[in-house]
Amino acid sequence: MMEHVNFLISILPELWKGLLVSLELSAGALLLGLIIGLPVSLARTYGKGIIKAIAVAYIELIRGTPMVVQLVIIYFGLPDIGIVLDRIPAAIIALGINSSAYQAEYFRGAILSIDSGQMMAAEAIGMSKRQAVLNIILPQALRLVLPPWSNELVYMIKYTSVAFLIAVPELMARGKMIISWTFKPLEVLFWVGVIYVIVLSLVAKIVDTIEAKISIPGFQMSRESF
Amino acid sequence: MAKQILRIENLRKKYGDTEVLKGVSLTVEEGEVVVIIGPSGTGKSTLLRCINHLTTADSGDIYLENQKIERGKTDLNKVRQQIGMVFQDFNLFNHLTAIQNVSIGLVKVKKMDKKKAMEKAYKELARVGLEDKINHYPAELSGGQKQRVAIARALAMDPKIMLFDEPTSALDPELIGEVLAVMKDLAMAGMTMIVVSHELGFARDAADRIVFLENGVVSEIGTPEKIFYNPEKQRTKEFISKITQLHTSGNNQESAGL
Amino acid sequence: MGINEHTWKVISAIPYLLKGVGMTLKITFLALIFGAFFGLLLALARVYGGSISRRFAIVYSRIIRSLPLLVILFMLYYLASEILDLSPFLAVVLALAVHTSAYQSEIFRGSIQSISKGQMEAALALGMSKFQCVLYIILPQALRRALPYWSNEAAIVLKDSALAYVLGIAELMRRGEYVVARSSQSALLTYLIIGIIYFILTSVLTRSLLYAEKKLRIPC
Ligand SMILES: Nc1ncnc2c1ncn2[C@@H]1O[C@H](COP(=O)(O)OP(=O)(O)OP(=O)(O)O)[C@@H](O)[C@H]1O
Ligand SMILES: [Mg+2]
């Protein structure tokens, strides 16, 4: 028993550093995903012609390919045309682009679920379509999008582990490193798993609290978005 | 004296701290039509659901043709085959067409040959006037048609008694008539029925006895003449006149709206 | 001119890459089947089970859904090589199946619970046993309702199967790595081609499931 505890204590500092990198990657990717995803969702929802087509193609291509492939294209592929990225920026960009397509779809779902009467009423008081989207539709949609968006947050934290494939020293990669020194794969992986479970439960708790705080009566969307 | 089909003795049911049924007794004879009326929340649905054990009563006994139904001993699925039930909100199986809805009990429960089951299902649907709708899915039927399919589904099992829980209260007024007509035919044909309904016209024409259920007990019971025109209790009189008023004012509003 | 030579090398490797598609599909298919089976059992345990099986299903789903696929994959891989005697192929299939079963259990649970209580009652009132109710009345409706979410999950499993390459299984992604390793300046093109192949696969998969959905649709 003591032996296991001592082992855990000996590897914990390393895993902790890895966890911080994982969280850093997730935060960066989510933010990048938001910055790209929101305009793309507006382009797909309200855009016309070529703009809409580009948005649709972007979303479908990203969602139709594995994240690892996107990651290796960016990290191993781009140098072929002279774009060389460090591991961490490459990971954040790949994860962020991936997330942006999913976030765009969440936003679109939320926008479409807002009653068409809202737009009509906004236009009836003389708003332009642009104003109506910015002042009436988006503020409502952003609230509605929180539950699926928090799912994306959980997904992202889990999926940052693929960054280990390009040797970013995040949680999973540190676990693998420790395994190669200690030759105790199952024990190390067990503790890595425990850390993921704890962190994700904490994140879910925090998100729930935030959701409860900003909820408006009669304005909920189900959390279990499968 | 006619044969007893159903006997309920001193039935009690509590939900949490509130006692919904406080000792209900009732006997129904073969071919008899009993209409149950009473204010909302007095346990009419609970009573019907206890009869076929969709809900378990806390105490009291139920006899079907003098056979006591005992949970654990009696095969409830057998009992339920003999008791038809029609629900307020139809509960048709949404993934099955009308004729499949009617035949599934025959095939899966009674193990009837599929072809025979279809023939019987067709006959039952014809009986409720839906021979042209047999291949429609529930979503493609009006409320009145749905309820008639539900009646056919229950009838197909050749039940000894039919229970109706407010079969017309989810229907638009213009659709109520077609369902009541089917139920009247059924009553005329000698089916034993317990009907929870506030359609007083139906009660007057078809009921042998009316039960006024209030606060979880049978407050008054008697022939339609007695309950409508000569009730023993003031409460019964008040309730009947309240319902009559509701109905007539509802109808007036409608004609005013037109 | 140099670029052309590299390009040509990659293009001539396409048949070699395509051979990995079979393996990718095999992994995906097996994982989906096992995952659907476990997922459905878990969902049934969750909705109709006693308190122990229900609690197990909840905890299983919670924990598995918090673990990255890679963690599950390596756990099973080491378990497979140290204790059980499984091939890396089976370890991959099992890891994907375990991972997706948790998500599928949520899908099936949601769809079972979305079928109104009246359906069960009406079936009981006809004299069906609870087992018959579930089999003939609840599941036919619930599984149809689950299909759109399920096909989404199927696409996820297909894409996740790319991670099998870390265990050295010669599926699409792994073969891509070989091609890249053999010639310089070929990574971008190779991985783009791999991406396109995956895109075609997921499109075909989701299209065919969409078709199945339409075929099975009930008016509602
Ligand atoms: N499953 C349940 N759990 C808790 N309470 C219940 C349940 N079913 C019914 N009740 C309560 O029991 C009482 C009687 O309900 P019941 O449905 O039998 O009334 P009812 O006479 O059929 O009324 P209505 O005319 O509105 O249909 C109500 O107060 C109801 O809230
Ligand atoms: Mg009721």
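Residues numbered from 1 in each chain as written. Chains lettered and ligands numbered in written order. Predicted model: local features only at pLDDT ≥ 70, side-chain atom pairs only at ≥ 80, totals over all residues. Heavy atoms only, no water.

I keep staring at the interface of chain B and chain C and nothing clicks. Help me out?
Interfaces are often described in size by the accessible area the parts lose on coming together. Facing 24 residues of chain B, the contacting portion of chain C comprises 20 residues. Contact with chain C buries area across many residues of chain B, yet Phe93(B), His95(B) and Lys108(B) alone supply 30% of it, more than any other trio. Inspection of the region where chain B meets chain C yields one salt bridge. Viewed at the interface, chain C and chain B are joined by seven residue pairs in polar contact (both at pLDDT 80 or more). Counting residues per element, the side of chain B that touches chain C draws most heavily on helix α3 (residues 98-109) of chain B, which supplies four residues. (Contact = heavy atoms within 4.5 Å. Buried area = accessible area lost by both parts, 1.4 Å probe. Salt bridge = Lys/Arg side-chain N within 4 Å of Asp/Glu carboxyl O. Polar contact = N/O pair within 3.5 Å; in protein donor to acceptor, adjacent residues only side chain to side chain. Helix = DSSP H or I, 4+ residues; strand = E, 2+ residues; numbered from the N terminus.)

Help me understand the nonpolar core in this model?
As a rule of thumb, soluble globular proteins bury nonpolar side chains together. In this structure, Leu6(B), Leu125(B), Ile151(B), Met162(B), Met193(B) and Met173(C) are the most contacted members of the largest nonpolar core, which totals 202 residues. Among the elements that make up this core, the one with the highest residue count is helix α7 (residues 130-160) of chain C (12 residues). Not counting the four nearest positions on each side in its chain, Leu125(B) is found in contact with Ala98(B), Ile99(B), Val102(B), Leu130(B), Glu131(B), Ile134(B), Val149(B) and Ala152(B). (Core = buried A, V, L, I, M, F, W, Y, C linked by side-chain atoms within 4.5 Å. Buried < 20%, exposed > 50% of the residue type's maximum accessible area, 1.4 Å probe, protein only.)

What's the story with the confidence of the model for chain B in this structure? I'm lost.
Close reading of the predicted structure is inappropriate where its pLDDT is low. Residue and element names in this part refer to chain B. Chain-level statistics for chain B give a pLDDT mean of 92 and a share of 95% at 70 or above. Counting contacts from residues 250-258, a segment whose pLDDT is below 50, to residues more than four positions away or on other chains yields two contacts. In the predicted assembly, ipTM is 0.90 and pTM is 0.85. (pLDDT = per-residue confidence, 0-100.)

I tried to follow the site of ligand 1 on my own but got confused; where do I start?
Residue and element names in this part refer to chain B. Neighbouring residues of ligand 1: Tyr15, Val20, Pro39, Ser40, Gly41, Thr42, Gly43, Lys44, Ser45, Thr46 and Glu166. Glu166 has a polar side-chain atom sitting 3.1 Å from an oxygen atom of ligand 1. Considered on its own, ligand 1 offers 640 Å² of accessible surface; in the complex 55% of this is hidden by protein. Ranked by residue count, the leading element in the shell around ligand 1 is helix α1 (residues 44-51), at three residues. Tallied by class, the residues present in the shell around ligand 1 amount to three nonpolar, six polar and two charged. (Near = heavy atom within 4 Å. Areas by Shrake-Rupley, 256 points an atom, 1.4 Å probe, with all protein chains shown as cover. Nonpolar A, V, L, I, M, F, W, Y, C, P; charged D, E, K, R; others polar.)

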